[in-house]
Amino acid sequence: MAWLRSFVYLLFLIVTVIPYAFACILWAPLPLHLRYRLTVGWPRLAIWGAKVICGLRWQVKGWENLPDGPAVLLSKHQSAWETLFFPGYMPREVCFVYKQSLNYVPFFGWGLALLRMISIDRSKGRDAFEQVVRQGQARLNEGRWPLLFPEGTRVPPGETRRFKMGGALLASRTGARVVPIAHNAGECWRRNAFVKTPGLITLSIGPAIESQGITPEELNAKVQAWIEGEMRVLNPERYDQD
């Protein structure tokens with residue numbers, strides 16, 4: 001049954017993303033903020049479909065921790081689910097950091113390119129980070145929130161990888177606070193898994209951490225400590241042998 005529901009959900013995504021991509025092109029001349037609100041209707045639709053078709057329910061802890069001002073969001077990355085949830089449900093526009101080549105992916109990439117997030121040319125080597133800082137500062141000035149996954153890739157439940165410094169450095173260079181985010185979406189929607197498992201996804205938003213007065217290394221350590229500590233709260237059974 002889970003396989004069948006996952007197959008129906010895949011069809012649902014395909015059938016909805018194609019006309020939505022063409023709609024994104026039609027409203028491209030509109031102001032950015034209006035364009036964003038229209039475009040993220042598809043991620044919201046995808047989250048709704050995952051709930052109704054596959055049984056992926058969700059709840060959020062800590063909405064009150066989101067600041068009313070500039071912030072860099074640093075999140076655990078386990079699944080494709082959170083990449084849909086964040087633009088669809090965060091109270092401010094979020095800006096992913098991603099490689100420019102994704103802009104050329106048919107349909108999905110077209111909509112992404114029109115949202116003017118933070119796209120980088122990784123072939124530039126060390127200058128790629130300066131691209132993140134320049135664009136990240138511009139996005140913060142627009143009242144938007146850069147969002148990074150410090151582990152760099154989707155990590156299976158119960159595991160962690162070294163937290164890269166990019167998000168902490170961006171916050172330190174811009175003076176923005178950091179909001180750590182933990183979740184267990186990988187319990188229901190694993191990396192590269194076709195079958196989605198019904199269940200409750202909990203996304204937990206931690207207290208904002210000031211970036212000023214501490215080194216980027218200290219900031220990064222604080223973020224990792226909170227996220228990994230919260231993961232043990234969300235799914236303690238994964239860490240019983242620690």
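Residues numbered from 1 in each chain as written. Predicted model: local features only at pLDDT ≥ 70, side-chain atom pairs only at ≥ 80, totals over all residues. Heavy atoms only, no water.

- An unreviewed UniProt entry lists the protein under the name 1-acyl-sn-glycerol-3-phosphate acyltransferase, with Bordetella genomosp. 5 given as the organism.
- What the UniProt record of the protein gives under Pathway (unreviewed entry) is the line "Lipid metabolism." (UniProt positions renumbered as here; feature names shortened; annotations may be inferred.)

### Looking at the UniProt feature "transmembrane region" (unreviewed entry) in the protein
Thinking step 1. Here the UniProt-annotated "transmembrane region" (unreviewed entry) positions come out as residues 6-28.
Thinking step 2. Its end C-alpha atoms 32 Å apart, residues 6-28 is made of 91% helix and 0% strand. (Helix = DSSP H or I, 4+ residues; strand = E, 2+ residues; numbered from the N terminus.)

### Remarks on a positive patch on the surface
Thinking step 1. There is a patch of like positive charges on the surface, built from Arg161, Arg162, Lys164 and Arg191.
Thinking step 2. Here Arg161 shows up in the loop between strand S5 (145-148) and helix H7 (166-174). (Patch = residues over 30% accessible without salt bridge, like charges linked within 9 Å, V, L, I, M, F, W, Y side chains within 5 Å. Areas by Shrake-Rupley, 256 points an atom, 1.4 Å probe, with all protein chains shown as cover. Salt bridge = Lys/Arg side-chain N within 4 Å of Asp/Glu carboxyl O. Lys, Arg positive; Asp, Glu negative; His and termini not counted. Charge placed at Lys NZ, Arg CZ, Asp CG, Glu CD.)

### Describing the packing of aromatic side chains
Thinking step 1. All told, the structure shown has 13 aromatic pairs when counted by the stated rule.
Thinking step 2. Relative to Phe7, the ring of Trp3 has its centre 5.6 Å away and its plane inclined at 5°; by these criteria the two rings are stacked. Linking Trp3 with Phe7, this pair stays in helix H1 (residues 2-26), spanning four residues, or about one helical turn.
Thinking step 3. By relative accessible area, which is 34% here, Phe7 ends up partly exposed.
Thinking step 4. Aromatic pair Phe12 and Trp48: ring centres 6.2 Å apart, planes at 50°, arrangement tilted. One end of the pair, Phe12, is in helix H1; the other, Trp48, is in helix H3 (residues 41-54), and 36 residues separate them in sequence.
Thinking step 5. Overall, the relative accessible area of 18% leaves Phe12 in the buried class. (Phe/Tyr/Trp six-rings, centres within 6.5 Å; stacked < 30°, edge-to-face > 60°. Buried < 20%, exposed > 50% of the residue type's maximum accessible area, 1.4 Å probe, protein only.)

### Examining the pattern of salt bridges
Thinking step 1. Using the criterion set out here, one finds ten salt bridges in the structure.
Thinking step 2. Here Lys76 ties to Glu151 by a salt bridge, and the two come within 3.1 Å at their closest N and O atoms. Pair noted here: Lys76 is in the loop between strand S2 (71-75) and helix H4 (81-89) and Glu151 is in the loop between S5 and H7, with a separation of 75 residues, a long-range link. Comparing Lys76 with Glu151, the two get one shared label, buried.
Thinking step 3. The closest approach of N and O atoms between Arg116 and Glu142, which form a salt bridge, is 3.0 Å. With Arg116 in the loop between helix H5 (108-113) and strand S4 (118-120) and Glu142 in the loop between helix H6 (127-141) and S5, the pair connects residues that are 26 residues apart, well separated along the chain.
Thinking step 4. A network of salt bridges, in which partner residues are shared, links Glu93, Arg116, Arg139, Glu142 and Arg144.

### Description of the packing of H3 against H4
Thinking step 1. In contact at an axis separation of 8 Å, H3 and H4 are set at 125° when each is read in the N-to-C sense. Here H4 runs oblique to H3, going by the angle between their axes. Handedness of the crossing formed by H3 with H4: left-handed. Facing Trp42, Pro43, Arg44, Ala46 and Ile47 of H3, the residues of H4 in contact are Trp81, Leu84, Phe85, Pro87, Gly88 and Tyr89.
Thinking step 2. When grouped by side-chain class, the residues that make up the contact of H3 with H4 number nine nonpolar, one polar and one charged. (Axes fitted to C-alpha atoms, helices over the stretch in contact; angles between N-to-C directions. Parallel < 35°, antiparallel > 145°, perpendicular 65-115°, else oblique. Left-handed = near helix turned anticlockwise from the far one by under 90°. Contact = heavy atoms within 4.5 Å. Nonpolar A, V, L, I, M, F, W, Y, C, P; charged D, E, K, R; others polar.)

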